[in-house]
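Listed below are the residues making up each chain.
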Amino acid sequence: MDEVKPYIVYLSSSAHSDWREPVKAKYLKDDHVIFVGPCENHGLSDAMGAPGDVKPGHKLRITQMLSKSDILFGYIPDDRYRSFNIMLETGIAHAKKKRVLFVNEARSLDDEVECAQPYINQSFDSLSDGLDSLHQIITAPSENRGAGSEPNQFTQPINHLEHRIFLSGSPSSAWTDRVQAQYQNDKSVTILAESGMQDLAAADILFACRTDSGGRLFNLVLAVGYANALGKQILFVNQGDHYSHAYDYVKPFADGYFTTLDEGLRYLDYAVGIEDRW
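Residues numbered from 1 in each chain as written. Predicted model: local features only at pLDDT ≥ 70, side-chain atom pairs only at ≥ 80, totals over all residues. Heavy atoms only, no water.

Looking at the pattern of salt bridges
Logical step 1: The final tally for this structure, using the stated rule, is 15 salt bridges.
Logical step 2: The residue Lys24 makes a salt bridge to Glu21 at a minimum N-O spacing of 3.9 Å. Here Glu21 and Lys24 lie together in helix H1 (residues 20-26), a separation of three residues that amounts to about one turn.
Logical step 3: Judged by relative accessible area, Glu21 falls into the partly exposed class, the value being 43%.
Logical step 4: Overlapping salt bridges bring together Arg20, Glu21, Lys24 and Glu40 as one network. (Salt bridge = Lys/Arg side-chain N within 4 Å of Asp/Glu carboxyl O. Helix = DSSP H or I, 4+ residues; strand = E, 2+ residues; numbered from the N terminus. Buried < 20%, exposed > 50% of the residue type's maximum accessible area, 1.4 Å probe, protein only.)

Things to note about unusual backbone geometry
The general pattern is negative phi for most residues beyond glycine and trans for most peptide bonds.
Logical step 1: Positive phi outside glycine occurs at Lys97, with the angle close to 65°.
Logical step 2: Inspection of the secondary structure assignment puts Lys97 in the loop between helix H4 (84-95) and strand E4 (99-104).
Logical step 3: Despite not being glycine, Glu194 shows a phi value in the positive range, around 45°.
Logical step 4: Counting through the fold element by element, Glu194 comes out in the loop between strand E7 (189-193) and helix H8 (197-202).

Observations concerning the sheet that holds strand E9 (residues 233-238)
Logical step 1: Spatial ordering of the open sheet is given by E7-E6-E8-E9-E10, a layout of five strands whose pairing is parallel. Single-partner strands in this sheet number two, and they are E7 and strand E10 (256-258). Direction aside, neighbouring strands of the sheet carry axes that sit 20° apart on average.
Logical step 2: Both strand E8 (residues 205-210) and E9 contribute to a ladder of six bridges, which runs parallel. Looking at E9, one finds that Arg210 is bridged to Asn238.
Logical step 3: On the sheet, helix H7 (residues 173-182) packs against strand E6 (163-169), E7 and E8 and is oriented at approximately 170° with respect to E6.
Logical step 4: Its contacts with the sheet put helix H11 (residues 261-271) on E6, E8, E9 and E10, and the angle it makes with E8 is roughly 175°. (Pairing = 2+ DSSP bridges. Axes fitted to C-alpha atoms, helices over the stretch in contact; angles between N-to-C directions. Contact = heavy atoms within 4.5 Å.)

Take a look at the structure:
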């Protein structure tokens, strides 16, 4: 019997509320659903890239997790916070053809959120009604799974996500060995090291690394151009920040630019939801 792919549900809301925890707890032993979302640790989120600064953590995290999701569940509990992140994530989810369930309990914002209706599949006035609908989707017969997203070329193993990371850069094996060692025990991360164009096309993130000032890394630059055109996320590590007019040409095409391998790996961890390693 084929394994059933679980629903991946992105929980979008303010970081100032603990409503997500009871939802996660309810389905803790349920193989039908995996919950993901933005970082809920406010201090860590700000350190990795608060909205408005130049650090890329916020963009890397929400883009990666939404790309893996089937459903976005958005919730505005009140009008104390601007809730811009929910609108941003709703727009991204709709463009990626995800199913969007949206709850607004802030009656004072009814008129303002009306603009979001074209992006939403179902809207609700109470959290309980929204969660009831989510439960019906999660527990529906298996043939209805993933109806809110396009078919994926790869069948994800049950009970975990798969983040595919393509490595390209300097020929030294030291940096690739370091990356592979970091994720060898993380079953959700698959590392693809210079394994060909097809693997890059199927990857989620390109992790490109220049370890020194020597050599012309045509492989790195080619991979950046290809990944950028395909809409992949790109993390570019230029160890030591070695100056090169040629590599400055590449930097604007990266979603994150780092001058140490440690810093690049910290943001890669953050993008795939690993928050406790650093």
